[in-house]
Amino acid sequence: MGSHLLDQFLQENVQALKDQGIYNEIDPIESPNGPKIRIGGRELINLSSNNYLGLATHDRLRKVAKEAIDEWGVGAGAVRTINGTLSLHVELEEAIAKFKGTEAAIAYQSGFNCNMAAISAVMDKNDAILSDELNHASIIDGCRLSKAKVIRFNHSDMEDLRQKAKEAKESGQYNKIMVITDGVFSMDGDIAKLPEIVKIAKEFDIMTYVDDAHGSGVTGKGAGTVKHFGLQDEVDFQIGTLSKAIGVVGGYVAGTQNLIDWLKVRSRPFLFSTSLTPADVRAAREAIHMLMESTELHDKLWENGDYLKAGLKKLGFNIGDSETPITPCIIGDEAKTQLFSKRLNEEGVYAKSIVFPTVPKGTGRVRNMPTAAHTKEMLDEALAIYEKVGKELEII
Ligand code: PMP
């Protein structure tokens, strides 16, 4: 016997989505999230995870996580500022700072949390944020939470950014101005134009904030997009997640000691939400060490990405202009995109469709995320299925 207002709201909204056939049903995975997964008892080639380097199921990470549980237990027991900071958290943060080439780093429970935390800890209603129109939802929410004026610029359009930066600066209306961009945009796999962004930021005395959730472990020989451009001394906030290439869960900010010291006393998820578990932090640290020791997994990821891209292109698919292993297959029409993904699934490939409003109308795509853990045989099998379904639906 719940509230009738809630019932009415849900009836109108959830039911409406279901009636239109656009309610996103979630398929639980009955296996680890590796290069092949089992769903509904069927084995599928998995081209949908962010487990870029295959670390989510890597033996070395499993081992240290188990040891951490044996030694430390399963929970951290408190928020970071009470007594939920284990020496494991500090060791992870030291490893992140080294990895990112910064003085210090701070870890959060997720990348999403991290953007909510960091933006609102520094920006307020007297400030302005220049935000790429394709920035991730957690950046959008972090900006909203800060109450700063948000000025969106056209995606990676440096002329638009420069014009808006100039206007914001010359208006004299704002105390602080910040520019925020994803390092790698996950829908198309393109890389932010960081050298130009940094140049514009310098010209107008603007702070720079790069969320490299999809770049860390992938670009810059694994060290990320900021290092890819050699800008680690120029970018003020380097954001990352521990949940994609790193394979575990959590997020972080890397920057100067002063910035991290401020976030430790003013960022709310750090102050008011229980810290990452011992197994998470230990496994994440191991993953970062692995990335600093060797580029083997990174190299394999790019080899697989290039192989899949070349294969799809040869078949005649439109794979866009990705600069990373993220490989969209752009179909266009929303219904056809969804049907394409469904047919791929029936034939043995798990590759999710992404349609409006996540991407602009008429640019529906099936997005492929090859990983270091895929074998050539798996990719060949996937390509054969793409060919079959692509011809069947007259896409190629
Ligand atoms: N930022 C970006 C750019 C992302 O793509 C994502 C993940 N979708 C996040 C932040 C959130 O990271 P997490 O999954 O660790 O919360």
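Residues numbered from 1 in each chain as written. Predicted model: local features only at pLDDT ≥ 70, side-chain atom pairs only at ≥ 80, totals over all residues. Heavy atoms only, no water.

Under an unreviewed UniProt entry, the protein chain has the name Glycine C-acetyltransferase and belongs to Mangrovibacillus cuniculi. The UniProt entry for the protein chain carries the following text under Cofactor (unreviewed entry): "pyridoxal 5'-phosphate". (UniProt positions renumbered as here; feature names shortened; annotations may be inferred.)

Trainee: What should I look at first to understand the sheet that holds strand β9 (residues 251–255) in this one?
Mentor: Sheets are built from strands that pair by backbone hydrogen bonding, the pairs being arranged parallel or antiparallel. Pairing is mixed in the open sheet, where seven strands are placed in the order β3-β9-β8-β7-β6-β4-β5. Every interior strand has two partners, whereas the edge strands, β3 (104–108) and β5 (149–153), have only one. Going across the sheet, the axis of each strand differs from the next one's by a mean of 20°, ignoring polarity. Examined bridge by bridge, strand β6 (residues 177–182) and strand β7 (residues 207–211) share five bridges and lie parallel to one another. (Pairing = 2+ DSSP bridges. Helix = DSSP H or I, 4+ residues; strand = E, 2+ residues; numbered from the N terminus. Axes fitted to C-alpha atoms, helices over the stretch in contact; angles between N-to-C directions.)

Trainee: How should I be thinking about the pairing of strand β4 (residues 128–132) in this particular structure?
Mentor: Burial of β4 is extensive: five of the five residues sit out of reach of the surface. Of the two faces of β4, both are covered, the one formed by Ala128, Leu130 and Asp132 as well as the one formed by Ile129 and Ser131. One ladder, built from five bridges, connects β4 with β5; its direction is parallel. Pairing of Leu130 across the sheet is with Ile151, part of β5. Sheet topology note: the β4/β6 ladder contains four bridges and is parallel. Looking across to β6, one finds that Ile129 is bridged to Met178. (Buried < 20%, exposed > 50% of the residue type's maximum accessible area, 1.4 Å probe, protein only.)

Trainee: I would appreciate a short explanation of the site of the ligand in the present structure.
Mentor: Taken together, 14 residues lie near the ligand, and Gly111, Phe112, Asp211, Thr241 and Lys244 sit nearest. Between the ligand and Thr241, the relevant distance is 2.7 Å, taken from an oxygen atom to a side-chain nitrogen or oxygen of the residue. Contact with the protein chains covers 83% of the free accessible surface of the ligand, which is 400 Å². If you tally residues by element for the shell around the ligand, the top one is helix α4 (residues 111–122), at three residues. Considered class by class, the residues forming the shell around the ligand number two nonpolar, nine polar and three charged. (Near = heavy atom within 4 Å. Polar contact = N/O pair within 3.5 Å; in protein donor to acceptor, adjacent residues only side chain to side chain. Areas by Shrake-Rupley, 256 points an atom, 1.4 Å probe, with all protein chains shown as cover. Nonpolar A, V, L, I, M, F, W, Y, C, P; charged D, E, K, R; others polar.)

Trainee: What am I meant to see in the pattern of salt bridges here?
Mentor: For side chains of opposite charge, pairing can occur when their charged atoms come near one another. Within the structure shown, the criterion is met by 26 salt bridges. A cluster of three or more residues bridged by salt bridges with shared partners is formed by Lys342, Arg343, Glu346, Glu347, Lys388 and Glu392. (Salt bridge = Lys/Arg side-chain N within 4 Å of Asp/Glu carboxyl O.)

Trainee: Please clarify how the packing of helix α2 (residues 59–72) against helix α11 (residues 278–293) should be interpreted in this entry.
Mentor: How two helices sit against one another is set out by the angle between their axes and by the gap between those axes. Closest axis-to-axis distance for the α2/α11 pair is 8 Å, and the angle between their directions is 145°. Judged by the twist between their axes, the crossing of α2 over α11 is right-handed. Across from Arg60, Leu61, Val64, Ala65, Ala68, Ile69 and Trp72 in α2, the residues of α11 making contact are Pro278, Ala279, Arg282, Ala283, Glu286, Ala287, Met290 and Glu293. Classifying every residue of the contact of α2 with α11 gives eleven nonpolar, no polar and four charged. (Left-handed = near helix turned anticlockwise from the far one by under 90°. Contact = heavy atoms within 4.5 Å.)

Trainee: Could you clarify how one ought to interpret the nonpolar core in this entry?
Mentor: Within soluble globular proteins, side chains that are nonpolar generally end up buried alongside one another. Grouped together as the largest cluster of nonpolar side chains are 36 residues, with contacts concentrated most on Tyr52, Leu92, Ile96, Leu242, Ile246 and Ile288. Of all the elements in the fold, those that place two or more residues in this core are α2, α3 (87–100), β3, β9 and α11. Take this core: its biggest share by element is eight residues, from α11. Formed jointly, this core draws a minimum of three residues from each of two domains, domain 1 (22–51 + 295–393) and domain 2 (59–293). Contact partners of Leu242, with chain neighbours within four places excluded, come to Leu92, Ile96, Gly247, Val248, Val249, Gly250, Gly251, Tyr252, Leu276, Ala284 and Ile288. (Core = buried A, V, L, I, M, F, W, Y, C linked by side-chain atoms within 4.5 Å. Domains from an automatic or database assignment.)

Trainee: What's the story with the environment of Glu203 in this structure? I'm lost.
Mentor: Its place among the elements puts Glu203 in helix α7 (residues 194–203). Since its relative accessible area comes to 45%, Glu203 is described here as partly exposed. C-alpha of Glu203 to C-alpha of Lys166: the two residues are 37 residues apart in sequence and 8.9 Å apart in space.

Trainee: Whenever I open this one, the sheet that holds strand β2 (residues 42–46) confuses me. Can you help?
Mentor: With mixed pairing, three strands are arranged side by side in an open sheet as β1-β2-β11. Of all strands in the sheet, those with a lone pairing partner are β1 (36–39) and β11 (349–350), marking the two edges.

Trainee: Explain helix α6 (residues 158–171) to me, please; I cannot follow it from the model alone.
Mentor: Note: α-helices contain 3.6 residues per turn, so residues at a spacing of three or four share the same orientation. Counted at 1.5 Å a residue, the expected span for α6 with its 14 residues is 20 Å, and the 20 Å between its end C-alpha atoms agrees. Those residues of α6 lying buried are Met158, Asp160, Leu161, Ala165 and Ala168. What you see down the axis of α6 is that its buried residues fit within an arc of 155°, all on one side. The exposed residues of α6 that point more than 90 degrees off its buried face are Glu159 and Glu170. Among the structural elements, β4, β5, β6 and α7 are those in contact with the buried residues of α6. Regarding α6, its N-cap is Asp157, as a side-chain oxygen of that residue lies 3.1 Å from the backbone nitrogen of Glu159 further along. A positive phi of about 65° marks Gly172, the residue just after α6. (Expected span 1.5 Å × (residues − 1). Arc of directions from axis to C-beta.)

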